[in-house]
Amino acid sequence: MRNLPSPQMAARLLACVRERRPRVHCLMNTVVQKFTADGITVVGGIPSMTSSREEIADFVAKADALTVNLGTLDAEHRAVILRAVEVANAGGKPWILDPVHCDYSPSRLAFARDLIALGPTIVRGNRAEMELIGETGACLRIQTGPVDHLADGRATVRIANGHRWMAAVTGTGCLSGGVIAAFMAVEKDPLNAAAGALAVTGVAAECAARNAAGPGTFGVALLDALSALGEAELVSHARIEHDQG
Ligand SMILES: Nc1ncnc2c1ncn2[C@@H]1O[C@H](COP(=O)(O)OP(=O)(O)OP(=O)(O)O)[C@@H](O)[C@H]1O
Ligand SMILES: Cc1ncsc1CCO
Ligand SMILES: [Mg+2]
């Protein structure tokens, strides 16, 4: 019988990330580089963010997981992404694709589909993006929103944590991709890793909202809450539901 995600498992994985300090390489958009790097750092990971063509292979080779985010895509970034994915796949390293704004441009959607054919561990996007992406084959599909929906073909999981201010701060989805990558580095089953990461982010957001005056202070409070989140608090507030597929 498969061990499906639970609040206790999320707490165990958070403790593992904090203890093992996984390296996460991010090919991030230029809008939320700092916020994403901070999010990875406060959960216990070590981010690296370079997108230099000369260095990308060395950085991915040293990383425990990779995040590929299409937010500010250009020709140079496409080439760097393809090289990073090649190195990650050759090294058996987990990688997550965030097909940001693939619903705005056919060429970006085509590139996202090309990347999905290269076998990411996880594809995560918002509702508009994931509706267009459709099925993701063998990899875990995550559609975030007021409730996060995870499906890997064998089971479906819903995470019903978070706060509406997450949608009012640019980059909470990008940040969640970085946090998921840190969890993938310590947990082989992508469903467990992603459910743990999204429960952590969602419960931290609920804590942060209690200490914030609006979206601006909420963004900062979210980083504080991710850093301070206690395992007992996570276990008592995480709302993780699943169906065996
Ligand atoms: N109304 C909401 N209530 C609770 N949580 C939410 C809500 N909207 C989004 N979230 C949470 O915010 C995070 C980002 O999800 P969203 O679907 O908004 O991503 P996104 O559009 O890709 O974000 P971005 O592109 O700005 O990084 C997820 O962790 C999700 O659970
Ligand atoms: C607004 C925006 N544009 C490109 S990337 C990004 C950040 C969140 O998706
Ligand atoms: Mg997004």
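Described in the following lines is the structure provided in the data block.

What counts and how
Residues numbered from 1 in each chain as written. Chains lettered and ligands numbered in written order. Predicted model: local features only at pLDDT ≥ 70, side-chain atom pairs only at ≥ 80, totals over all residues. Heavy atoms only, no water. Buried < 20%, exposed > 50% of the residue type's maximum accessible area, 1.4 Å probe, protein only. Helix = DSSP H or I, 4+ residues; strand = E, 2+ residues; numbered from the N terminus. Near = heavy atom within 4 Å. Nonpolar A, V, L, I, M, F, W, Y, C, P; charged D, E, K, R; others polar. Polar contact = N/O pair within 3.5 Å; in protein donor to acceptor, adjacent residues only side chain to side chain. Areas by Shrake-Rupley, 256 points an atom, 1.4 Å probe, with all protein chains shown as cover.

**Some words on unusual backbone geometry**
- Positive phi values are uncommon outside glycine, yet Arg21 reaches one of about 50°.
- On the basis of relative accessible area, Arg21 is assigned to the partly exposed category, the value being 41%.
- Of note, the phi angle at His101 is positive, near 60°, even though the residue is not glycine.
- Here His101 shows up in the loop between strand 4 (95–98) and helix 5 (106–117).

**So, the site of ligand 2**
- Contacts to ligand 2 come from Asn29, Val31, Gly71, Val100, His101, Thr170 and Cys174.
- Partitioned by chemical class, the residues of the shell around ligand 2 number three nonpolar, four polar and no charged.

**Here we look at the site of ligand 1**
- What surrounds ligand 1 is a group of 17 residues, the closest being Thr144, Asp148, Gly171, Gly173 and Cys174.
- Here an oxygen atom of ligand 1 and a backbone polar atom of Gly173 are 2.8 Å apart.
- For ligand 1, whose free accessible area comes to 620 Å², the fraction covered by protein is 84%.
- Ranked by residues supplied to the shell around ligand 1, first place goes to helix 7 (residues 172–184) with three residues.
- Taken together, the residues that form the shell around ligand 1 break down as four nonpolar, ten polar and three charged.

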